Amino acid sequence: MTNPMPHEVAKLVPAKGNINGNTMDAYKKDYETSMEKNDEFWSAKATEILDWMSPFTKVCQGSFERGDIAWFVGGKLNLCYNAIDRHVLNGKGDQVGMIWEGDEPNDTRQITYQEMLNEVSQITNALKSQGVRKGDVVTIYMPMIPELAFTMLACARMGAVHSVVFAGFSSEALAQRVSAAQSKFVVTADKGKRGGKDIPLKKIVHDAINKMDCQEIVEKVLVWERFYDPASTEAPFEMDPKDVRMNPLVAVQRPYCPPEVMDAEDNLFLLYTSGSTGKPKGLVHTTGGYSLYAAYTTKTTFDINEGDIFACVADCGWITGHTYVVYGPLLLGSTTFLFESTPVYPDPGRYWDMIQRHKITQFYTAPTAIRLLMRYGDEIPSKYDVSCVRVLGTVGEPINPEAWRWYYEVVGKEKCTIVDTYWQTETGGHIITNLPGVTDMKPGSCTLPVPGIDAVVLSAIDGHPLTDADKDENGNLEGVMAIRRPWPGMARTCLGDHERYLTTYFKPYPGYYFTGDSVLKDKDGYHWIIGRVDDVINVSGHRIGTAEVESALVAHPAVAQAAVVGEPHDIKGQSICAFCMLTVGYDESPELLKELKMAVRTGVGAFASPDHIVISPSLPMTRSGKIMRRILRKIVSNEADSLGDTSTLADPSIVDTLIAKFAELK
Ligand code: 6R9
């Protein structure tokens, strides 16, 4: 007898309360309307949620085949106006729009909507004074300080296209992105602070603009000072010829700047994301559709209401930071939270301490952070009063049921809704998630599609949409996750490479947007994301999702993080190799390895038992916390000499350790 999969044993956890009258019936009705009268549905939302300078004449046009989708055609609006000005005009000028907490817990700032309007206007005027024009790409490489969000908003205000590059990327990776976008302007800070350490951002920018063709492309580097002293006449960093000090320049600007009239389909921002192969893709989001989708999903998924304090602790360098730190909450006139530090600095109680001190009502993080904090034990969250929180969110990867349970029971004391939000850089906002007070939860399932999202499971073999006839004996469908019709938040192109956009997302399954994820849809219609299609392992004809094996491994107390890849195998096709990082207090031993194999045998099945287990001090993670299985796959395939780009790794040196450890096993 093998142990069942998470979806086979998952028990429904009833939706928490009936918050603000949200009900399953209302959701179902909304979803039906969105499918039957798609244009009317989105048109009504767009009019209700956004202020338009001129109305749109057509809701949606274009096709997936041509990739020429356009939303709210002819409509004019400004995102920054919608995120700031209108709240001030509506008498909310004195409301705190942003709470910032720096690396040190006592380093905080509260900024009202009025102050934001003035500061963002000044920054816009400063950008203009330096030659930035509507349509220019402005690369932003900054620490998580309010000026980062304000610079994004200033770009939106004047119609410049921001390209935020996560400040953990190397100079090489930054140069690649500046060059690909032909970005004439780079905005940075002299330094960042994380976990008590300085991060020399300006120096990294300096190195980057001396790489590739960046010297020819970049005209100005605009430098914020992390600790600005208005009395200082000299920059606290070494000035290069292209550098401009931002703080003194901004201080002398007029604190009002009229918002630019933008077309709904004008580019709003681009964001580079890694594909399964090749160089990063610059995905382009446009003004009207993205704004609507950001505001709409923030409101419904997190049940945001007057007086709420919404904290998403993602970095603005990723889509989660764009949509759920900056744009979504501000469009709703809520109070957003910007966090510069890490979950374990100065100690692993940081998140819960912040929730208690700032009275945070919605908190949003990633499974990797939850698993990390779990290692430190239940006592830590129990020390804080987090009863102000109603919704706890997770994003970025499938959450294993153990981490879900810990988040639900130990952090949320079974009183909060856990929203498991499935989406991608490409989708602009959530596409599949449960809703507070509406959807019964199942630990590990992102549940049901957001209204307006025509989610379809396609056969991985021939691409046909799976129907009841394809269900297995337990009522499950398994295939690839796709979407059948456009939605406002979808990315419109890859900058300078529309063909790549078509090839990646629309050619694999004609008529559908292809997510690249495999999924299981259970008898209740609940979605379980298994993982990227390229992460599925086939052992003796059994398709095994890495997430299932990893979930079994991390269920063992000794394992803090696990990553599983397929290893070429003469007889089985592929066998499984598991890389495990141990919990503090555990050491590698033959007994432990046996136990871990047993954990997989019992958790998933004997067929999924790893042939090899590599115990390692850490795993190759991107700085956003995603395990780079591509690298592990190369290591186990003895292709370590062709690892490809490792510049996005948090700690590139781990690769050599893993190669050596894997070689020992053979
Ligand atoms: C928002 C974000 C997208 C990929 C996506 C999927 C994985 C994200 C998930 C999830 C399971 C969830 N993913 N959320 N898998 N459950 N709730 O992370 O965007 O960085 O573009 O990554 O992340 O594999 O395809 P992005």
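The name that an unreviewed UniProt entry assigns to the protein is Acetyl-coenzyme A synthetase, with the source organism given as Seminavis robusta.

**Q** Just checking my understanding: could you explain the overall build of the protein for this structure?
**A** The number of helices and strands found in the protein is 21 helices and 30 strands. With the C-alpha coordinates aligned to their principal axes, the bounding extent of the protein is approximately 70 × 55 × 50 Å. Looking at the protein as a whole, 61% of its 666 residues are labelled buried. Sequence-distant contacts in the protein: of pairs separated by 6 or more residues, those separated by 24 or more amount to 72%. Distance between charge centres in the protein, computed from 66 positive and 84 negative side chains, equals 2 Å.

**Q** Could you clarify how one ought to interpret the UniProt feature "domain: Acetyl-coenzyme A synthetase N-terminal" (unreviewed entry) in the protein in this entry?
**A** Mapped onto this structure's residue numbering, the UniProt feature "domain: Acetyl-coenzyme A synthetase N-terminal" (unreviewed entry) falls at residues 27-83. Between the C-alpha atoms that bound residues 27-83 the distance is 26 Å, and the span itself is 47% helix and 18% strand.

**Q** Help me understand the packing of helix H4 (residues 79-92) against helix H5 (residues 113-129), please; the structure alone is not making it clear to me.
**A** How two helices pack is summed up by the angle between their axes together with the distance between the axes. Between H4 and H5, the shortest axis-to-axis distance is 9 Å and the interhelical angle comes to 135°. By the angle between their axes, H4 is oblique relative to H5. Crossing handedness for the pair H4 and H5: left-handed. Facing H4, whose interface residues are Cys-80, Ala-83, Ile-84, Asp-85, His-87, Val-88 and Lys-92, H5 presents Tyr-113, Gln-114, Met-116, Leu-117 and Val-120.

**Q** I would appreciate a short explanation of the nonpolar core in the present structure.
**A** Nonpolar side chains tend to gather and get buried jointly when the protein is soluble and globular. Among the nonpolar cores identified, the biggest contains 108 residues, and Phe-72 and Leu-153 are the most heavily contacted of them. With nine residues, the single largest contributor to this core is helix H6 (residues 146-158). Among all residues touching Phe-72, those that are not within four sequence positions of it are Trp-42, Ala-46, Trp-52, Phe-56, Lys-58, Val-59, Ala-264, Gly-288, Gly-289, Leu-292 and Pro-488. If you look at the next biggest cluster of nonpolar residues, it comprises 32 residues, including Ile-355, Ile-380, Tyr-384 and Tyr-407.

**Q** What am I meant to see in the pairing of strand S15 (residues 281-286) here?
**A** Within a regular strand, side chains alternate between the sheet's two faces. Across the six residues of S15, six count as buried, placing the element largely inside the fold. The pairing of strand S14 (residues 267-273) with S15 spans six bridges and is classified as antiparallel. Residue pairing in the sheet places Thr-273 in a bridge with Lys-281 of S15. Taken together, the two bridges between S15 and strand S23 (residues 493-494) define a ladder with antiparallel strand orientation. Paired with Leu-283 across the strands is Cys-494, a residue of S23.

**Q** How do you make sense of the site of the ligand when you look at a structure like this?
**A** Not every one of the 16 residues close to the ligand is listed here, only the nearest: Asp-420, Thr-421, Thr-425, Asp-517 and Arg-532. The side chain of Lys-626 places a nitrogen or oxygen atom 3.1 Å from an oxygen atom of the ligand. Burial of the ligand by the surrounding chains reaches 89%, relative to a free accessible area of 530 Å². Where the shell around the ligand is concerned, the elements lending two or more residues are helix H12 (319-331), strand S20 (417-421) and strand S25 (527-532). Residues of the shell around the ligand, tallied by class, amount to six nonpolar, five polar and five charged.

**Q** Just checking my understanding: could you explain H12 for this structure?
**A** Three- or four-residue spacings in an α-helix give side chains the same orientation, since the helix completes a turn every 3.6 residues. Burial analysis of H12 places 13 of its 13 residues in the buried class, the great majority of the element. Following H12 by one or two positions, Gly-333 has its phi on the positive side, about 70°.

**Q** Where do I start with the sheet that holds S25 in this structure?
**A** Strand pairing within a sheet occurs via backbone hydrogen bonds; the two strands may be parallel or antiparallel. Read across the sheet, four strands follow the order S21-S22-S24-S25 without closing on themselves; strand pairing throughout is antiparallel. Of all the strands in the sheet, the pair left with one neighbour each is strand S21 (455-458) and S25. Ignoring which end each strand starts from, the neighbouring axes of this sheet average 45° apart. Relative to S25, strand S24 (residues 513-521) runs antiparallel, the two being bridged by five bridges. Directly across from Val-519, in S25, lies its bridge partner Ile-529.

**Q** Would you mind showing me how to read a negative patch on the surface here?
**A** Where like charges cluster on the molecular surface, the negative patch consists of Glu-8, Asp-472, Glu-473 and Glu-478. In this structure, Glu-478 sits in strand S22 (residues 477-483).

**Q** Quick question: what am I supposed to make of the sheet that holds strand S7 (residues 161-164) here?
**A** Read across the open sheet, the eight strands follow the order S12-S11-S8-S6-S7-S14-S15-S23; overall the sheet is mixed. The strands lining the two open edges of the sheet, one partner per strand, are strand S12 (243-245) and S23. The pairing of strand S8 (residues 185-189) with strand S11 (residues 220-224) spans five bridges and is classified as parallel. Across the sheet, the residue bridging to Val-186 is Val-221, located in S11.

**Q** Sorry, what's going on with the state of the cysteines here?
**A** Should the sulfur atoms of two cysteines be covalently bonded, the bond is a disulfide. Within this structure, the stated rule accounts for zero disulfides. Take Cys-155: it sits in no disulfide, and the sulfur closest to it among the cysteines is that of Cys-80, at 10 Å. On the accessibility criterion, Cys-155 (0% relative accessible area) is buried. Here Cys-316 is not cross-linked by a disulfide; its sulfur's nearest cysteine counterpart is in Cys-312, at 8.2 Å. Overall, the relative accessible area of 0% leaves Cys-316 in the buried class.

**Q** I keep staring at unusual backbone geometry and nothing clicks. Help me out?
**A** Trans is the prevailing form of peptide bonds, just as negative phi is the prevailing case for residues other than glycine. Tyr-345 connects to Pro-346 through a cis peptide bond whose omega is -5°. Here Pro-346 lies in the loop between strand S17 (335-339) and helix H13 (350-358). Positive phi, close to 50°, is recorded for Asp-303, a residue that is not glycine. For Asp-303, a relative accessible area of 4% translates into the label buried. Even without being glycine, Asn-638 reaches a positive phi, approximately 55°. In this fold, Asn-638 is placed in the loop between helix H20 (629-636) and helix H21 (654-665).

Cut-offs applied
Residues numbered from 1 in each chain as written. Predicted model: local features only at pLDDT ≥ 70, side-chain atom pairs only at ≥ 80, totals over all residues. Heavy atoms only, no water. Helix = DSSP H or I, 4+ residues; strand = E, 2+ residues; numbered from the N terminus. Buried < 20%, exposed > 50% of the residue type's maximum accessible area, 1.4 Å probe, protein only. Contact = heavy atoms within 4.5 Å. Lys, Arg positive; Asp, Glu negative; His and termini not counted. Charge placed at Lys NZ, Arg CZ, Asp CG, Glu CD. UniProt positions renumbered as here; feature names shortened; annotations may be inferred. Axes fitted to C-alpha atoms, helices over the stretch in contact; angles between N-to-C directions. Parallel < 35°, antiparallel > 145°, perpendicular 65-115°, else oblique. Left-handed = near helix turned anticlockwise from the far one by under 90°. Core = buried A, V, L, I, M, F, W, Y, C linked by side-chain atoms within 4.5 Å. Pairing = 2+ DSSP bridges. Near = heavy atom within 4 Å. Polar contact = N/O pair within 3.5 Å; in protein donor to acceptor, adjacent residues only side chain to side chain. Areas by Shrake-Rupley, 256 points an atom, 1.4 Å probe, with all protein chains shown as cover. Nonpolar A, V, L, I, M, F, W, Y, C, P; charged D, E, K, R; others polar. Patch = residues over 30% accessible without salt bridge, like charges linked within 9 Å, V, L, I, M, F, W, Y side chains within 5 Å. Salt bridge = Lys/Arg side-chain N within 4 Å of Asp/Glu carboxyl O. Disulfide = S-S within 2.5 Å.

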